Amino acid sequence: MPIELASAEAIAELIGQRASGVTRLVVGIIGTPGAGKSTLADELERILADRGIETALLPMDGFHLSQAELVRLGRRDRMGAADTFDTESYVSTLRTVRSTTADVLAPGFDRDVEEPVPDAIRIPASARVVITEGNWLLLPDDGWDAVAPHLDLTIAVLIDDEVRVPRLVARHVAHGKTPAEATAWVSRSDEANAARVQPTLALADVVVRLP
């Protein structure tokens, strides 16, 4: 059963303990779409920096397949699903992050155009903690089962749907969709992804419920 922690501060304390005495700790944050994964990652980075622990962020979003590739594969209308990412490249990057003593470059993601941006993220060799976040980190199939062995600590973010769903709609509107388009996308795509992510949350080492 996962450990239940009540706040980002408590999680940061645990990460600090796990990072002590190791060269690098790789932390994975999972959750349903709109759960607040990136918000938690940002907060943990800030708290850990205040404690003198250099931390780098590696969002899974940078490993989206390009729009052209999604169209070619017939998957554009469900972008964000488990089979719309370059899973092999993501796993390869995690492997490098764990093993290298040099800086690592990784792709970022431009939400306005919904395209990955090559080499947009630099993970410095000096980072003692690397936090990666995404929906599918603990999925047991579609190639995602290769991710977990590269994670030292996994954290599941829990949130009520009454908060999560409106947040998702607002995010899509902020990035260019009409309210009707955003609502339709959330209902069709994001909620299908949420249903698939939900069973994997119990596989995490730690769970936290965000407001």
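Residues numbered from 1 in each chain as written. Predicted model: local features only at pLDDT ≥ 70, side-chain atom pairs only at ≥ 80, totals over all residues. Heavy atoms only, no water.

A. Region of the structure containing the nonpolar core. Leu 58, Tyr 90, Ile 123, Trp 136, Trp 144 and Val 147 are the most contacted members of the largest nonpolar core, which totals 30 residues. Elements supplying a minimum of two residues to this core: β2 (25–30), β3 (55–59), α4 (87–99), β4 (104–110) and β5 (115–123). For this core, the element with the highest residue contribution is α4, accounting for four residues. Discounting residues that sit within four places of it in the chain, Ile 123 has contacts with Arg 24, Ala 56, Leu 58, Val 97, Ala 102, Asp 103, Val 104 and Val 130. Listed in part, the 25 residues of the second largest apolar core include Leu 40, Leu 44, Ile 155 and Ile 159. (Core = buried A, V, L, I, M, F, W, Y, C linked by side-chain atoms within 4.5 Å. Buried < 20%, exposed > 50% of the residue type's maximum accessible area, 1.4 Å probe, protein only. Helix = DSSP H or I, 4+ residues; strand = E, 2+ residues; numbered from the N terminus. Contact = heavy atoms within 4.5 Å.)

B. Quick peek at the sheet that holds strand β6 (residues 129–133). With parallel pairing, six strands are arranged side by side in an open sheet as β1-β8-β7-β2-β6-β3. Of all the strands in the sheet, the pair left with one neighbour each is β1 (3–5) and β3. The average angle at which neighbouring strand axes cross in this sheet is 25°, direction not considered. With three bridges connecting them, β1 and strand β8 (residues 206–209) associate as parallel partners. Its bridge partner being in β8, Leu 5 is matched across the sheet by Val 208. Packed onto the sheet, helix α1 (residues 8–19) meets β1, β2, β6, β7 (153–158) and β8 and runs at close to 175° relative to β7. (Pairing = 2+ DSSP bridges. Axes fitted to C-alpha atoms, helices over the stretch in contact; angles between N-to-C directions.)

C. Quick peek at helix α5 (residues 161–174). In this model, α5 (14 residues) spans 20 Å end to end at C-alpha, consistent with the 20 Å of a helix rising 1.5 Å per residue. Among the residues making up α5, those that are buried are Arg 164, Leu 168, Val 169 and His 172. Angularly, the buried residues of α5 cover 130° about the axis, an arc narrow enough to put them on a single face. Structural note: α5 exposes Glu 162 and Ala 174 on the side pointing more than 90 degrees away from its buried face. The elements touched by buried residues of α5 are α6 (179–197). Within two residues after α5, Gly 176 carries a phi angle of roughly 115°, on the positive side. (Expected span 1.5 Å × (residues − 1). Arc of directions from axis to C-beta.)

D. View of the packing of α1 against helix α2 (residues 37–50). α2 packs onto α1 with a crossing angle of 60° between their chain directions and a minimal axis gap of 9 Å. What the angle tells us is that α1 and α2 run oblique. As for how α1 packs across α2, the hand of that crossing is right-handed. For the pair α1 and α2, contact is made by Ala 8, Glu 9, Ile 11, Ala 12, Ile 15 and Gly 16 and by Leu 40, Glu 43, Leu 44, Ile 47 and Leu 48, respectively. (Parallel < 35°, antiparallel > 145°, perpendicular 65-115°, else oblique. Left-handed = near helix turned anticlockwise from the far one by under 90°.)

E. The packing of aromatic side chains, seen in detail. Considering all chains together, one arrives at three aromatic pairs under this definition. Here Phe 85 and Trp 144 contribute two aromatic rings whose centre-to-centre distance is 5.8 Å and whose plane-to-plane angle is 80°, an arrangement assigned as edge-to-face. Here Phe 85 is found in the loop between α3 (67–73) and α4, whereas its partner Trp 144 is found in the loop between β6 and β7, with 59 residues between them in sequence. Taken as a pair, Phe 85 and Trp 144 share a single burial class, namely buried. (Phe/Tyr/Trp six-rings, centres within 6.5 Å; stacked < 30°, edge-to-face > 60°.)

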